[in-house]
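# Residue-level structure breakdown
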Amino acid sequence: MDEREAIERWRRGDPEGMAALVRWYQGRALRIAALILPDPMQAEDAVQAAFIRAWMKRKSFHPDAPFWPWFRRLVANEAWRLARREGREAPAESGPVEEGGPDPASDPADGWAQRETLERLVQALEALSPMQRAVLTLRYYEAMSEAEIAETLGCAIGTVKWHLYQARERLRAWLKTGEE
Amino acid sequence: MSGFPCTPEEEQQLQEALDRLARMRIPEERDLWPALQAQLFTPHRRGWRWVVQRNWAWMAAGLLLALALIGMTVAPRLWEAFFLTQPLERDRKLRILSLTQTRGGVTVTIERAYADANRILISYRVRGLPESPAAHWIPVLTLEDTSGRPIPSLIGEGLVGASEVLGLSLPPGGLAGVVGFDPWALPGWPIHRPESLSLRLHVVFQAIPYPAPTPGIRWTQIHPESGPVREGSVPVTPHPAEGPTPAAGWRFTFDLTVPVEPEAAGYGPRTEVAHGLELTLEQWVWAPSGARARVCFIPPDPQLSWTMHEELMLEAQDEVSPSAPSSEIAGGEALTITTPILQSPPRQQGEQVCLDRFFAAPQLKRARPVVFQVLELVGWSPATLKPVRRWQGPWVFQIP
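So, here's what we can say about the structure. None of these values were measured; they are calculated from a predicted model.

A word on the pattern of salt bridges. Residue and element names in this part refer to chain B. Tallied over the entire structure, the rule returns 24 salt bridges over all chains. In this structure, the salt-bridge partner of arginine 292 is aspartate 356, at a minimum N-O distance of 3.0 Å. Taken together, the residues span a long stretch of sequence, with arginine 292 in strand β17 (residues 290-297) and aspartate 356 in strand β23 (residues 352-359) at a distance of 64 residues. Salt bridges here are not isolated pairs; linked through shared partners, they connect Asp182, Arg292, Arg294 and Asp356.

Set out below in structure tokens:
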């Protein structure tokens with residue numbers, strides 16, 4: 001079964017079509033959700049909820065449209081909804097990373113491609129707030145436009161721009177000094 | 001140059017780092033289809049909830065009111081649906097841990113933890129348990145401090161499958177629950193409490209045969225030491241021999257650090273006399289998880305097993321949540337009366353018998369002046385489990 005057939009069967013309410021779409025897109029969806037939600041189980045919850053929403057809304061899906069961009073928005077929306085609810089109680093993610101911080105003596109300009117720098121970048125990403133990580137994920141991991149991100153997260157484009165700016169500044173500061 | 005990334009190379013590095021972070025958080029391939037299929041395309045098998053008590057017995061009112069509470073609960077979020085964690089989750093007092101281990105295909109995540117003067121709560125989720133036509137798997141959690149001192153469990157609450165009552169559904173092979181432990185077993189407690197507790201939690205699994213397929217059923221285990229079984233309690237003994245045998249690898253150990261909620265208020269000891277019998281309120285401790293009373297007396301007949309009837313009267317201006325897991329019987333306009341949800345088995349202290357009562361009234365904003373009164377003591381025959389002697393009170397304690 002190819003994607004077009006899977007979409008057709010899914011729209012008709014055929015579980016086989018749904019199963020095919022789940023198995024094709026669940027990995028990618030989980031990775032997006034995991035970047036927004038630090039708890040893997042919550043990431044799974046978000047993706048499951050997105051698939052359930054997709055099933056409920058399948059009749060409104062245009063049969064000729066590609067599935068992923070449409071579904072990706074549901075995933076990001078569900079993950080962000082959960083992240084906002086957890087945000088009030090989650091351990092502060094914006095503080096300095098507790099262990100394994102970068103060596104301030106090294107010059108990051110020397111070797112961005114080095115594995116060590118990549119590790120630092122991963123640590124820096126973990127230290128961002130959920131909102132900052134969400135906009136970075138959608139912008140750079142999913143190549144979404146700022147307008148699409150704003151629509152997905154339910155906020156103004158200006159808000160997206162601001163958080164992108166903040167996130168990028170913090171990444172740069174972290175990579176330069178190991179602290180913000 | 002401002003911000004990162006600025007160049008196409010940096011963008012590529014950021015994409016790579018994001019991908020690495022995502023794969024670190026979701027390290028293995030997951031197949032969500034079975035869970036989705038169960039939720040979307042199969043009629044919900046009746047889910048069931050259980051309540052496990054060890055060394056404690058439910059009072060009938062507590063059980064019935066807890067059931068009423070569950071009936072009222074529509075919160076979609078898991079930890080707001082369980083009555084043990086509901087108010088604390090709502091007030092954002094539960095510490096998020098998210099400690100995950102996988103062994104033998106079974107994943108256990110310790111999701112939340114909480115400690116205050118009266119209770120330690122651990123919430124967990126499990127996935128990947130094999131389906132069995134005859135039994136559910138239920139985790140047995142044991143807790144100890146860093147010196148290996150056991151901290152007894154008080155009560156457990158859990159969910160398997162789908163609960164229409166709660167509006168919650170867990171995927172096949174998944175379950176979730178909360179266990180409450182008794183910090184009063186720790187030395188110096190509740191007077192001397194550290195800022196945080198370092199604990200070791202062990203998780204093993206036990207097979208429990210399916211109960212009758214009744215929606216929203218609660219399963220209550222009464223420990224033999226818990227004294228007379230009260231009307232309304234449902235003693236169910238697990239029969240591990242009838243169920244499948246847990247895999248040897250299904251043993252999990254977690255080391256946790258849990259901050260201790262500092263908010264607490266204490267009172268006692270105070271002695272009152274009724275009809276010639278002295279009764280001492282040894283300790284009254286209020287904390288966000290609820291209030292707890294320890295009452296001691298020299299029993300009129302030491303051959304009998306003694307329990308008591310008691311109630312807690314709260315000033316009416318106290319804000320009581322409509323979902324409070326306690327009875328709210330209007331005593332005129334002046335008072336609200338609650339009954340305890342937990343009672344301990346009698347504890348022998350020399351000649352004295354001591355009884356603990358736990359009032360789950362965390363919805364009260366603060367311990368306003370309350371009246372705790374023991375209405376009567378009841379002596380039960382150990383042989384017949386019937387009451388054979390009653391000593392009328394009341395013993396009335398005004399708690400400032």
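Our focus in this paragraph is the nonpolar core. Judged by nonpolar contacts, the single largest core of 70 residues is most densely connected at A:Trp10, A:Phe71, A:Leu125, A:Leu136 and A:Leu171. What A:Leu125 contacts, discounting residues up to four positions off in sequence, is A:Arg133, A:Leu136, A:Leu171, B:Leu14, B:Ala17, B:Leu18 and B:Leu21. Judged by nonpolar contacts, the second largest core, of 37 residues, contains B:Ile120, B:Val126, B:Phe181 and B:Leu256.

Taken together, the contact pairs 51 residues of chain A with 45 residues of chain B. Contact between chain A and chain B buries roughly 4700 Å² in total, counting both sides, with carbon and sulfur atoms accounting for 60%. Where chain A packs against chain B, one counts 5 salt bridges. Salt-bridge contacts for A:Glu44 lead to B:Arg127; the nearest nitrogen and oxygen are separated by 2.4 Å. For the pair chain A and chain B, the number of links is 14 residue pairs in polar contact (both at pLDDT 80 or more). Breaking the side of chain A that touches chain B down by element, the ones donating at least two residues are α2 (15-36), α3 (40-56), α4 (67-87), α5 (115-126), α6 (130-141) and α8 (157-177) of chain A. Here the side of chain A that touches chain B takes 11 residues from α3(A), the largest share from any one element. When its residues are assigned to classes, the side of chain A that touches chain B shows 31 nonpolar, 3 polar and 17 charged.

Turning to the state of the cysteines, a few remarks are in order. All names here are of chain B. Under the counting rule described, the total for this entry stands at 1 disulfide over all chains. At a sulfur-sulfur separation of 2.0 Å, the disulfide partner of cysteine 296 is cysteine 354. Linking cysteine 296 and cysteine 354, the disulfide has an S-S dihedral of approximately 110° and is accordingly described as right-handed. Taken together, the residues cysteine 296 in strand β17 and cysteine 354 in strand β23 connect sequence positions 58 residues apart. Judged by its relative accessible area of 0%, cysteine 296 is buried.

What counts and how
Residues numbered from 1 in each chain as written. Chains lettered and ligands numbered in written order. Predicted model: local features only at pLDDT ≥ 70, side-chain atom pairs only at ≥ 80, totals over all residues. Heavy atoms only, no water. Salt bridge = Lys/Arg side-chain N within 4 Å of Asp/Glu carboxyl O. Helix = DSSP H or I, 4+ residues; strand = E, 2+ residues; numbered from the N terminus. Core = buried A, V, L, I, M, F, W, Y, C linked by side-chain atoms within 4.5 Å. Buried < 20%, exposed > 50% of the residue type's maximum accessible area, 1.4 Å probe, protein only. Contact = heavy atoms within 4.5 Å. Buried area = accessible area lost by both parts, 1.4 Å probe. Polar contact = N/O pair within 3.5 Å; in protein donor to acceptor, adjacent residues only side chain to side chain. Nonpolar A, V, L, I, M, F, W, Y, C, P; charged D, E, K, R; others polar. Disulfide = S-S within 2.5 Å.

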